[in-house]
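The residues making up each chain are set out below.
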Amino acid sequence: KGSAVQRGMLAARGQYILFADADNSTPIEELGPALKMMEQGYDVVIGSRGASGAQEAHRSLVRKTMSATLRGMIRPIFNLNVRDTQCGFKLFKHDVARRLFSAQTIMGFSFDLEILYLANKWGYKIGELPVAWVDAPGSKVDSKKEIKRFLTDMKRIKMNDFKGVYANH
């Protein structure tokens, strides 16, 4: 997923660049409020299921619990004051997207965390928009497998930073 999103983000030409999950879990109607936030000076606006006022539908208790646990780990480890790094609805200023996605090294589902970590590290202003979100039925994502990958990618991001991988972007 991360590789496909990266290619699309680097090929996009607009002033603002949105990526949204293909299953429309977050409705496109959320774009208007995201654009308004951009006009208020944000560099990145992310849809959030964890922000106050967000609405979630059809999400199992197991997935809610797993997401909450991972979110709780992200704040202290990455010094990232974002409630939901994984919602597939993110809007970027063009130049910001180009810089962030050019530095991306994580090509799986955890790419969002790396992008937001870099945005925070490099001083971009990140806005979190509470969104309406519906868990699409028939998902083929293996949650247990992806959690293991996510934890591995968390370590990889920290190691990349320690090794200076992100320093020259």
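Look a little higher up for the structure.
Once a new chain begins, its residue numbering starts again from 1 and follows that chain's sequence as written. Residues qualify for local features only when their pLDDT is at least 70, as the model is predicted, and side-chain atom pairs are given and counted only at 80 or more; totals for whole chains, interfaces and linings, by contrast, use all residues. Only hydrogens and water are set aside; all other atoms, that is, all heavy atoms of the structure, feed into the side-chain values.

Enquirer: Provide a residue-level description of the packing of aromatic side chains, including the pertinent values.
Expert: For Phe, Tyr and Trp, where Trp contributes only its six-membered ring, two rings pair if their centres lie within 6.5 Å, and the inter-plane angle classes them as stacked under 30 degrees, edge-to-face over 60, or tilted in between. Considering all chains together, one arrives at 6 aromatic pairs under this definition. Ring centres 6.4 Å apart and planes at 90° place the aromatic pair Phe19 and Phe101 in the edge-to-face group. Note that Phe19 is positioned in strand 1 (residues 16-20) and Phe101 in helix 4 (residues 94-103), a separation of 82 residues in sequence. Like Phe101, Phe19 is buried. With a centroid separation of 5.5 Å and an interplanar angle of 45°, the aromatic rings of Phe19 and Phe111 are classed as tilted. With Phe19 in strand 1 and Phe111 in helix 5 (residues 111-121), this residue pair connects regions lying 92 residues apart in the sequence. An identical accessibility class is assigned to Phe19 and Phe111; each is buried. Each member of the aromatic cluster is reached from another via a ring pair, and the members are Phe19, Phe92, Phe101 and Phe111. A ring is scored as having a charge over it whenever the NZ atom of a lysine or the CZ atom of an arginine sits within 6 Å of its centre and within 35 degrees of its normal. Stacked on the ring of Tyr42, the Lys or Arg Lys125 has its end atom at 4.5 Å from the ring centre. Helix and strand definitions follow DSSP, with helices as H or I runs of at least four residues and strands as E runs of at least two, each counted in order from the N terminus. When a residue's accessible area, from a 1.4 Å probe over protein chains only, is under 20% of the maximum for its type it is buried; when over 50% it is exposed; and in between it is partly exposed.

Enquirer: Go over the pattern of salt bridges, please, and point to the residues and values.
Expert: It is possible for side chains of opposite charge to pair when their charged atoms get near one another. A carboxyl oxygen of Asp or Glu within 4 Å of a side-chain nitrogen of Lys or Arg is what we treat as a salt bridge. Here the structure, examined in full by the defined rule, presents 7 salt bridges. When the shortest N-O distance is used, the salt bridge between Arg49 and Asp84 registers 2.7 Å. Taken together, the residues Arg49 in the loop between strand 2 (44-48) and strand 3 (55-57) and Asp84 in the loop between helix 3 (61-78) and strand 4 (89-93) connect sequence positions 35 residues apart. A relative accessible area of 11% places Arg49 in the buried class. Looking at Asp84, the relative accessible area reads 1%, which means it is buried.

Enquirer: Before we move on, could you go through the nonpolar core and cite the residues and values that matter?
Expert: We define the nonpolar core as a collection of buried residues of types Ala, Val, Leu, Ile, Met, Phe, Trp, Tyr and Cys that are connected through side-chain atoms lying within 4.5 Å of one another. Membership of the largest hydrophobic core comes to 32 residues, with the highest contact counts inside it found for Met9, Val44, Phe78, Phe92, Leu100, Phe101 and Leu113. When residues of this core are traced back to their parent elements, those giving at least two are helix 1 (2-11), strand 1, strand 2, helix 3, helix 4, helix 5 and helix 6 (143-163). Ranked by residue count, the leading element in this core is helix 5, at 7 residues. When sequence neighbours within four positions are dropped, the list of residues in contact with Phe78 reads Leu113, Tyr117, Asn120, Met154, Ile157 and Lys158. Note on definitions: a residue-residue contact is assigned when non-hydrogen atoms from the two residues lie within 4.5 Å.

Enquirer: An account of the side chain of Glu114 is requested, with residue identities and associated values reported.
Expert: Position of Glu114 relative to the elements: it lies in helix 5. Within the buried set, Glu114 has no salt-bridge partner at all; the shortest N-O distance to an opposite charge, 6.4 Å, is to Arg156. Polar contacts here mean pairs of N or O atoms no more than 3.5 Å apart (in protein, one a potential hydrogen donor and the other a potential acceptor; neighbouring residues in sequence count only if both atoms are side-chain atoms). There is a polar contact of 2.6 Å between the side chain of Glu114 and the side chain of Thr105. Beyond its immediate chain neighbours, meaning those up to four positions away, Glu114 contacts Ala103, Gln104, Thr105, Ile106, Ile157, Asn160 and Tyr166. Asp and Glu are treated as the negative residues and Lys and Arg as the positive ones, with His and the ends of the chain left uncounted.

Enquirer: Describe in detail helix 1, supporting the description with residues and values.
Expert: All of the buried residues in helix 1 are Gly2, Val5, Gln6 and Met9. Seen from one end, helix 1 has its buried residues packed into an arc of 100°, which puts them on one side. Residues of helix 1 that are buried in the fold lie against strand 1, strand 4, helix 4 and helix 5. By construction, the arc corresponds to the directions joining the helix axis to the C-beta atoms.

Enquirer: Summarise the environment of Lys121; cite the residues concerned and give the values.
Expert: Checked against the element boundaries, Lys121 lands in helix 5. For Lys121, a relative accessible area of 40% translates into the label partly exposed. As a C-alpha pair, Lys121 and Phe78 span 43 residues in sequence and 9.3 Å in three-dimensional space. In this structure, Lys121 is in contact with Asp161 and Tyr166, ignoring residues within four places of it in sequence.

Honestly, it's all geometry; don't read function into it.
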